[in-house]
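Here is how the chains run, residue by residue.
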Amino acid sequence: MAKPSKFAHIVYRTRRFEEMSAWYQKVFEAKVQYQNPGLAFLTYDDEHHRFAFANLAVLDPAGKASQGKMDAGVDHVAYTYASLADLVDTYTRLKQHGITPYWPIRHGPTLSLYYQDPDGNRLEFQVDCFATAEEANAYMVGDAFATNPIGVNFDPDELVAQFKRGVPERQLLARPAGPPAAIPPEHGIGA
């Protein structure tokens, strides 16, 4: 059974966006990888991001979205798998148990599957799309990410079929051009 190779990051929803970002920068000596009015991504090492902040003042200014799901707190935690094969194996194994992701997305630096546990806690299972941390970091600060910091949806069953047919991993991990994906209601933000 494939297991995550590392804990990747945590994402917080906040109405104290600037204050939270500044606090994590001070406490962890983190640097901002990317920021726009609604999102900020920070890191303290060679990982493309260890923390992200969703600015509820921008994403849910009236405080009414998702009947309370937009409250400040943990949005999701993310785990990285060592390879696309491990992520595909995990998806296939979980699907056999009736556990399917509510959001499959190619973020750019990662290809990700989002799941909810029985209590509604969100987990992101991801695989890195770049061979090196330097490439991932360059992507995070580049125009492609700034243009679309959310990513592009994909069909996980099609990905599995392509993987089994031997489509090169580099092709499967590449994020196609396209408008930012709609964030599903299960994710809370932007619902």
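Trainee: Let's hear about the confidence of the model for the protein chain: which residues, and what values?
Mentor: Caution applies to low-pLDDT regions: their predicted coordinates should not be interpreted in detail. Averaged over every residue, the pLDDT of the protein chain is 91; residues scoring 70 or more account for 94%. In the model of the protein chain, helix H2 (residues 56-59) stands out as the element of lowest mean pLDDT, 90, in contrast to helix H6 (residues 156-165), which has the highest, 98.

Trainee: I'd like a rundown of the side chain of Thr110, residues and numbers included.
Mentor: On the secondary structure map, Thr110 appears in strand S7 (residues 110-116). A polar side-chain atom of Thr110 sits 2.9 Å from a polar atom in the side chain of Ser112. Residues contacting Thr110, with those up to four places away along its chain left out, are His48, Ile105, Glu124, Gln126, Val127, Asp128 and Cys129.

Trainee: Quick rundown of the sheet that holds strand S1 (residues 6-14)? Include the residues and the values.
Mentor: Strands sit in the order S2-S3-S4-S1-S5-S8-S7-S6-S9 across an open sheet of nine strands; the sheet is mixed. Edge strands, defined here as strands with exactly one partner in the open sheet, are strand S2 (31-35) and strand S9 (152-153).

Trainee: Describe the layout of surface pockets, listing the residues and the values that go with them.
Mentor: Reported here for the largest pocket is a volume of approximately 380 Å³. Surrounding the largest pocket, 27 residues form its lining, Leu39, Phe41, His107, Pro149 and Ile150 being those nearest its centre. The set of elements that each furnish at least two residues to the lining of the largest pocket consists of S1, strand S3 (39-43), strand S4 (51-55), strand S5 (73-81) and S7. Among the elements that take part in the lining of the largest pocket, S4 stands out by supplying three residues, more than any other. For the lining of the largest pocket, the per-class residue count stands at 16 nonpolar, nine polar and two charged.

Trainee: Lay out the nonpolar core in plain terms, naming residues and giving numbers.
Mentor: In terms of nonpolar packing, the biggest core is built from 19 residues, with Leu84, Leu87, Leu111 and Leu159 touching the most fellow members. Of all the secondary-structure elements, those providing two or more residues to this core are helix H3 (84-96), S7, strand S8 (122-128), H6 and helix H7 (169-173). Non-local contacts of Leu111, meaning those with residues more than four positions away in its chain, are made with Leu84, Leu87, Ile105, Arg106, Phe125, Gln126, Val127, Cys129, Phe154, Leu159, Leu172 and Leu173. Residues Tyr34, Ala54, Met140 and Phe145 belong to the second largest nonpolar core, which totals 15 residues.

Reading guide: rules and limits
- Residues numbered from 1 in each chain as written.
- Predicted model: local features only at pLDDT ≥ 70, side-chain atom pairs only at ≥ 80, totals over all residues.
- Heavy atoms only, no water.
- pLDDT = per-residue confidence, 0-100.
- Helix = DSSP H or I, 4+ residues; strand = E, 2+ residues; numbered from the N terminus.
- Polar contact = N/O pair within 3.5 Å; in protein donor to acceptor, adjacent residues only side chain to side chain.
- Contact = heavy atoms within 4.5 Å.
- Pairing = 2+ DSSP bridges.
- 1 Å grid on protein atoms, 1.4 Å probe; cavity = no way out; pocket = protein on both sides within 12 Å on 5 of 7 lines; lining within 4 Å.
- Points joined across faces, edges and corners; volume = space filled by probe spheres on them.
- Nonpolar A, V, L, I, M, F, W, Y, C, P; charged D, E, K, R; others polar.
- Core = buried A, V, L, I, M, F, W, Y, C linked by side-chain atoms within 4.5 Å.
- Buried < 20%, exposed > 50% of the residue type's maximum accessible area, 1.4 Å probe, protein only.

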